[in-house]
Amino acid sequence: MFETELTRTLKIRYPIFQAPMAGGPTTPDLVAAVSNAGGLGNLGAGYLTPEQLRGAIQKIRELTDQPFGVNLFVPEQPEESEEAVVQMTDYLNKYRVKLGIAQNPSILKSSESFDDQVQVLLEEKIPVFSFTFGIPPHDVIQAMKQCGTVVIGTATTVEEAKHLEVAGVNAIVAQGCEAGGHRGTFLKNVSESLIGTMALVPQIVDHVSIPVIASGGIMDGRGLVASLALGAAAVKMGTAFLACPESGAHETYKRKILSANEDSTEITCAYSGKAARGIRTKFMNDMHQYPGTIPAYPIQNAMTRDIRQAAAKSNDPEYMSLWAGQGLRLAKDQSAAEIVKQTIEQADAFVKKSFLYAGERF
Ligand SMILES: Cc1cc2nc3c(=O)[nH]c(=O)nc-3n(C[C@H](O)[C@H](O)[C@H](O)COP(=O)(O)O)c2cc1C
């Protein structure tokens with residue numbers, strides 16, 4: 001019943017993607033569990049070195065013979081003034097004192113080499129490649145497609161979706177503003193690109209001729225049916241999988257996910273310099289008072305890394321980044337396979353009930 005153009009192309013049973021979530025949650029165990037359950041597991045590999053990336057792909061292949069995806073960040077090279085970096089370092093030092101870690105750390109590397117990561121993906125001939133934060137060079141998209149890899153981009157507006165279609169992607173993720181994690185916005189300011197999933201999906205569907213994947217706030221079978229009704233060919237769920245046992249999210253983070261509400265999140269640049277939705281923390285609140293300009297991504301991300309790591313070590317959620325979407329209250333501590341199964345069962349029951357209802361009435 002839930003076969004779509006995209007499930008046929010990807011050779012997956014259900015139109016359910018587990019969102020790639022860089023920074024630890026999408027372990028090979030989680031990716032493989034979702035793919036084995038009939039969905040598409042996705043590895044969030046934006047922060048992985050080429051060696052870690054190859055190791056994770058090989059591990060996934062040991063755990064499943066089903067299709068899976070790998071997701072990368074399209075690189076950005078912002079110019080940041082020395083003064084802004086010094087001012088932020090000074091400001092962040094008060095958190096370092098609080099957490100008992102060294103002040104003025106040397107920021108070694110702000111991001112991995114995209115070209116090296118792409119090289120690994122081409123050598124490994126992965127089934128699905130997705131990306132966010134922009135559009136990779138034309139030759140990267142073409143090389144992936146020549147390897148038989150399905151290429152998927154991320155859009156937060158209709159304009160971005162049209163650019164992605166022209167660039168040659170096979171499908172587009174429509175990321176609504178309910179979504180957890182970083183905004184994929186790359187054409188306009190984020191404040192002009194905060195469109196809810198319900199409004200965004202049908203407008204993108206009407207303006208492109210390739211499959212659209214709905215993402216943002218989708219947590220169960222109701223979200224799946226609604227997305228398909230809006231014209232989506234699949235859904236991509238992130239927050240729904242964060243607290244499951246296969247997720248590599250920190251235990252403190254998982255507990256926060258399971259106890260937070262729909263009004264617990266906010267979009268912030270405080271942790272990484274790029275707008276992202278997460279559970280409100282002391283760090284986010286404090287940074288509202290920051291007197292200067294927060295350095296752009298990926299610089300700020302590198303500058304707060306030691307603080308986030310120290311906070312995780314001491315189980316202090318107030319200084320960790322707790323990315324999560326607005327569907328929070330619906331998150332459950334269930335296995336990944338159970339989440340896929342229940343989503344399909346709920347969607348199936350809902351559709352049957354609707355037809356029955358319609359049959360009785362008309
Ligand atoms: C913890 C976390 C990390 C994320 N990391 C990535 C990522 O690496 N790449 C990406 O394209 N999207 C990333 N996202 C966004 C998801 O792909 C997706 O758009 C989002 O999870 C959908 O909203 P939901 O969380 O309400 O399901 C992340 C989301 C979360 C919650």
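Above this note sits the structure.
Since the structure is predicted, the reported quantities are computational estimates derived from the model, not experimental observations.

## Here's the deal with the packing of aromatic side chains
Now for step 1: Taken as a whole and judged by the stated rule, the model has 11 aromatic pairs.
Now for step 2: Aromatic side chains Tyr 91 and Tyr 95 sit 6.4 Å apart centroid to centroid with 65° between the ring planes, which places their arrangement in the edge-to-face category. Of this pair, Tyr 91 and Tyr 95 both sit in helix H4 (residues 82-99), 4 residues apart, which is roughly one turn of that helix. Neither Tyr 91 nor Tyr 95 differs from the other in exposure class; each is buried.
Now for step 3: Taking relative accessible area as the criterion, Tyr 91 reaches 16% and is therefore assigned buried.
Now for step 4: Pairwise contacts between aromatic rings join Tyr 91, Tyr 95, Tyr 271, Phe 283, Tyr 290, Tyr 319 and Trp 323 into one cluster.
Now for step 5: The ring of Phe 133 carries the charged tip of Lys 274 above its face, separated from the ring centre by 4.2 Å.

## Considerations on the side chain of Thr 252
Now for step 1: For Thr 252, the position within the fold is in helix H11 (residues 251-259).
Now for step 2: When residues no more than four places from it in sequence are discounted, the contact partners of Thr 252 are Asn 315 and Pro 317.

## Quick word on the nonpolar core
Now for step 1: Counting residues in hydrophobic clusters, the biggest one holds 95 residues, and the most contacted among them are Leu 53, Val 70, Leu 121, Phe 129, Ile 204, Phe 241 and Ile 257.
Now for step 2: If you count residues domain by domain, this core takes at least three from each of domain 1 (1-75 + 111-249 + 332-362) and domain 2 (79-109 + 250-330).
Now for step 3: Setting aside anything within four residues of it in sequence, one finds Leu 121 in contact with Leu 53, Ile 57, Val 70, Leu 72, Ile 126, Phe 129 and Met 144.

Conventions and cut-offs
Numbers given to residues run from 1 along each chain, matching the order in which its sequence is written. Per-residue local features of the predicted model are confined to residues with pLDDT of at least 70, and side-chain atom pairs are confined, for both listing and counting, to 80 or more; whole-chain, interface and lining totals are unaffected and use all residues. As a convention, hydrogens and water are excluded, and side-chain values are obtained from all of the structure's heavy atoms. Each Phe, Tyr or Trp ring (for Trp, its six-membered ring) is paired with any other whose centre lies within 6.5 Å, and the angle between the two planes then decides the class: stacked below 30 degrees, edge-to-face above 60, tilted in between. Numbering of helices and strands runs from the N terminus, with a helix taken as a DSSP run of H or I at least four residues long and a strand as a DSSP run of E at least two residues long. Think of it in three bands: residues with accessible area under 20% of the maximum for their type are buried, residues over 50% are exposed, and the middle band is partly exposed, with areas taken using a 1.4 Å probe on protein chains only. In our convention, an over-ring charge means Lys NZ or Arg CZ found within 6 Å of a ring centre and within 35 degrees of that ring's normal. In what follows, residue pairs with any heavy atoms lying within 4.5 Å of each other are defined as contacts. Residues belong to a common nonpolar core when they are buried Ala, Val, Leu, Ile, Met, Phe, Trp, Tyr or Cys residues joined through side-chain atoms within 4.5 Å. An automatic or database domain assignment provides the domain bounds reported here.

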